[in-house]
Amino acid sequence: KNATYDVVVIGAGGAGFSAAIEAKNAGASVVLLEKMPAVGGNSLISGAEMNAAKNWVQPVLGITDDSPELHAKDTYLGGDKKGDMKVINVMTGNALDAALWCRDYLGVRFEPDNLFFFGGHSRKRALIPVGHTGTEFISKFQAKADELGIPVITNMKAEELIKDKDGRVVGVKATMDGAEYTFNAKGGVVLATGGFGANPKMVEHYNPKIDSRFKTTDAPGTTGEALYMAQRAGAELVNMQYIQTYPICDPISGVIELIADARFDGAIMLNQEGKRFVEELGRRDVLSEAILAQTGNYCWVLWNDKIGAVSNTVKEHPTEYDAFTKQGIMKTCDDLKCIADFTKIPYESLKGTVDRVTSMAGKGNDKDFHHRAGLVDMSQGKYYVIKAVPSVHHTMGGVRINEKAEALTADGKVIPGLWAAGEVTGVTHGTNRLGGNAYTDIIVFGRIAGKAAAEAAK
Ligand code: ADP
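Being a predicted model, the structure only gives us computed values, none of them experimental. (Residues numbered from 1 in each chain as written. Predicted model: local features only at pLDDT ≥ 70, side-chain atom pairs only at ≥ 80, totals over all residues. Heavy atoms only, no water.)

Q: Looking at this model, I keep getting lost on the domain arrangement of the protein. Mind explaining?
A: By convention, interface size is frequently given as the accessible area that disappears when the constituent parts associate. Partitioning the protein into structural domains gives domain 1 (2-196 + 396-456) and domain 2 (245-392). Between the C-alpha centres of domain 1 and domain 2 the distance comes to 32 Å. Contact residues are listed per partner, giving 21 residues for domain 1 and 15 residues for domain 2. When domain 1 packs against domain 2, close to 1,400 Å² is buried across both sides, 50% of that on carbon and sulfur atoms. The interface formed by domain 1 and domain 2 holds one salt bridge in total. For Asp80, the salt bridge identified is with Arg283, shortest N-O distance 3.0 Å. Mapped by element, the contributors of at least two residues to the side of domain 1 that touches domain 2 are helix H3 (68-78) and strand E4 (110-116). Here the side of domain 1 that touches domain 2 takes three residues from E4, the largest share from any one element. (Domains from an automatic or database assignment. Contact = heavy atoms within 4.5 Å. Buried area = accessible area lost by both parts, 1.4 Å probe. Salt bridge = Lys/Arg side-chain N within 4 Å of Asp/Glu carboxyl O. Helix = DSSP H or I, 4+ residues; strand = E, 2+ residues; numbered from the N terminus.)

Following this line, the structure appears as structure tokens:
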């Protein structure tokens, strides 16, 4: 009930695994604590695309003018300049190294010839893991932790950080099935407990606009109590009101419709009247607000086989396809008449919109909403349509850290012995996290935090 390690890592998502593995490889003894019965957190259920400027796939697609500076600029502007540029630069500057570490050291497999172009980015730069979900990462993380002999203790909830008389964080009080455990940390503690998107009370407390109408995309453990634990240890919580809703989610369960990622390759968003109403590659906050302003507060995402041949989402997400189809929110049709019957969008209006989209296909031709990648010829089926609503997705706020992933107090002092990485931190994404930046963030800062905590134990 009382154990001592060099480094104690709390939370077994992408950030926690990255920290634990790097700490171990820096020579530290390390333990990874996870409150849920299974590891992975939001990192597991994420689409898990990972932005890295100058990655190895970009030249395959003819993209040769990207840079960490451009990625940093997109991130900063995408968050309305509320992010900390010093921290952002560390993220984008180490992104490629982090991606190579995942590929070459962990064995994460990425698609060799495709990238995601998420909203708010000026270049296509998101690497896609095989299967388009976090399973590829988390299975490789778990295998590496096993190989290195890192104990991963599930059902172990961190309750309180322990400080010594000089104010250094020296351990964690945790509970399992009501029994108390103490984990002493010679070097320090890495907090990698994720966000609070699955805690509706906390969400509404920090942002009253996001009320009980909203469901969440998040893993059930994303409930944020650890943020208060950090606060009790002196850490400042910042940007807590910035809560991102993901625009395209299942109206029934709230989960992300990864199958509708065809949007990144040209799928269009329609309202119940059959009209487009926003640039489909806009920021998540912009899309979410636009959807909520439409009849019924939902939209339809429509694509055809020409788009599907590029995005491949129906093939990559067969379970979603079956579930959403059965649930009655998704339909596959040979023609638009059938789509109109299913969605109850007036046929003439639907046809008019699709014809117009086809007439404006190609980069630079969208006179209506200036689709940055260019609309696609949608004259031929098959067609796929799915109903979508915004759902609580990512909490941008959290523990204030510096560029070394050290946790800071309200007056900017480093809390000795405490590092934080991943969604639990609050200064990278400003008001709005761009797609593909979560994985970059968690791996870059998880690695930094783990190494630093290991060094501190020496
Ligand atoms: P990130 O993307 O930042 O790595 P994740 O959501 O993927 O975040 O992972 C965070 C993990 O931390 C989740 O698995 C969650 O269950 C776990 N967690 C949250 N709070 C605690 C806590 N108090 N003690 C132990 N584990 C926790």
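What follows continues from the structure just given.
Q: Where do I start with the packing of helix H1 (residues 14-25) against helix H6 (residues 135-148) in this structure?
A: The axes of two packed helices give the description: the angle between them and the distance between them. Axis separation between H1 and H6 bottoms out at 10 Å; the angle between their running directions is 30°. Compared by their axis directions, H1 and H6 come out roughly parallel. As for the relative orientation of H1 and H6, their crossing is left-handed in sense. Contacts between H1 and H6 involve Gly14, Phe17, Ser18, Ile21, Lys24 and Asn25 on the former and, on the latter, Ile138, Phe141, Gln142, Lys144, Ala145 and Leu148. Tallied by class, the residues present in the contact of H1 with H6 amount to six nonpolar, four polar and two charged. (Axes fitted to C-alpha atoms, helices over the stretch in contact; angles between N-to-C directions. Parallel < 35°, antiparallel > 145°, perpendicular 65-115°, else oblique. Left-handed = near helix turned anticlockwise from the far one by under 90°. Nonpolar A, V, L, I, M, F, W, Y, C, P; charged D, E, K, R; others polar.)

Q: Help me understand helix H15 (residues 437-456) in this model?
A: Residue pairs three or four apart in sequence face the same way in an α-helix, which turns once every 3.6 residues. With 20 residues, H15 should reach 28 Å at 1.5 Å per residue; the first-to-last C-alpha distance of 28 Å fits that figure. The buried fraction of H15 is high, at 15 of 20 residues. (Expected span 1.5 Å × (residues − 1). Buried < 20%, exposed > 50% of the residue type's maximum accessible area, 1.4 Å probe, protein only.)

Q: Help me out: how do you make sense of the state of the cysteines in this one?
A: Applying the stated rule across the entire model yields one disulfide. Between the sulfur of Cys333 and that of Cys338 lies a disulfide, 2.0 Å long from S to S. Here the S-S torsion is close to -60°, and the disulfide linking Cys333 with Cys338 is therefore left-handed. On the basis of relative accessibility, which here comes to 2%, the residue Cys333 falls in the buried class. Residue Cys338 is classed as partly exposed on the basis of its relative accessible area, which comes to 23%. Summary of cysteine pairing: Cys249 is not part of a disulfide, and the nearest cysteine sulfur, belonging to Cys299, is at 10 Å. On the basis of relative accessibility, which here comes to 0%, the residue Cys249 falls in the buried class. Given the relative accessible area of 0%, Cys299 is considered buried. (Disulfide = S-S within 2.5 Å.)

Q: Would you mind going over the packing of aromatic side chains with me for this structure?
A: The geometry of an aromatic ring pair is captured by the separation of the ring centres together with the interplanar angle, meaning the angle of the planes. Per the stated rule, a full pass over the model turns up twelve aromatic pairs. Ring plane angle 65° and centroid distance 5.7 Å describe the contact between Trp56 and Phe110, whose orientation is recorded as edge-to-face. A residue pair is termed long-range when its members are at least 10 positions apart, and Trp56 in the loop between strand E3 (50-51) and H3 and Phe110 in strand E4 qualify at 54 residues. Trp56 sits in the partly exposed class, given a relative accessible area of 24%. Given the relative accessible area of 10%, Phe110 is considered buried. Ring geometry for Trp303 versus Tyr384: centroids 5.6 Å apart, planes at 20°, classification stacked. (Phe/Tyr/Trp six-rings, centres within 6.5 Å; stacked < 30°, edge-to-face > 60°.)

Q: Looking at this model, I keep getting lost on the site of the ligand. Mind explaining?
A: Near the ligand there are 23 residues, and of these Ala15, Glu34, Asn42, Ser43 and Glu423 occur at the shortest range. Ala15 places a main-chain nitrogen or oxygen 2.9 Å from an oxygen atom of the ligand. In the model, an oxygen atom of the ligand is placed 2.6 Å from a nitrogen or oxygen of the Ser43 side chain. Broken down by secondary-structure element, the contributors of at least two residues to the shell around the ligand are H1, helix H2 (41-45) and strand E7 (157-163). No other element matches the three residues that H2 contributes to the shell around the ligand. For the shell around the ligand, the per-class residue count stands at nine nonpolar, ten polar and four charged. (Near = heavy atom within 4 Å. Polar contact = N/O pair within 3.5 Å; in protein donor to acceptor, adjacent residues only side chain to side chain.)

Q: Mind showing me how you'd approach the nonpolar core here?
A: Taken as a class, soluble globular proteins show a tendency for nonpolar side chains to be buried jointly. Grouped together as the largest cluster of nonpolar side chains are 90 residues, with contacts concentrated most on Phe137, Leu191, Val399 and Ile443. Broken down by element, the residue count for this core peaks at eight residues, all from H15. In contact with Val399, not counting residues within four places along its chain, are Leu191, Leu227, Ala230, Ala235, Glu236, Leu237, Ala407, Ala420, Val424, Thr425 and Gly426. If you look at the next biggest cluster of nonpolar residues, it comprises 51 residues, including Ile339, Ala340, Val357 and Ile386. (Core = buried A, V, L, I, M, F, W, Y, C linked by side-chain atoms within 4.5 Å.)

Q: Please clarify how the sheet that holds E4 should be interpreted in this entry.
A: Whenever strands of a sheet pair, they do so through backbone hydrogen bonds, lying parallel or antiparallel. Pairing is antiparallel in the open sheet, where three strands are placed in the order E3-E5-E4. Lying at the two open borders of the sheet, with one neighbouring strand each, are E3 and E4. Across two bridges, the pairing between E3 and strand E5 (residues 126-129) is antiparallel. From the neighbouring strand, Asn51 faces E5, where its bridge partner is Ala126. (Pairing = 2+ DSSP bridges.)

Q: What is the right way to look at the packing of H1 against H15 in this model?
A: Axis separation between H1 and H15 bottoms out at 7 Å; the angle between their running directions is 35°. The chirality of how H1 crosses H15 is right-handed. Counted together, Gly14, Ala15, Ser18, Ala19, Glu22 and Ala23 of H1 and Ile442, Ile443, Gly446, Arg447, Gly450, Lys451 and Ala454 of H15 form the full contact between these two elements.

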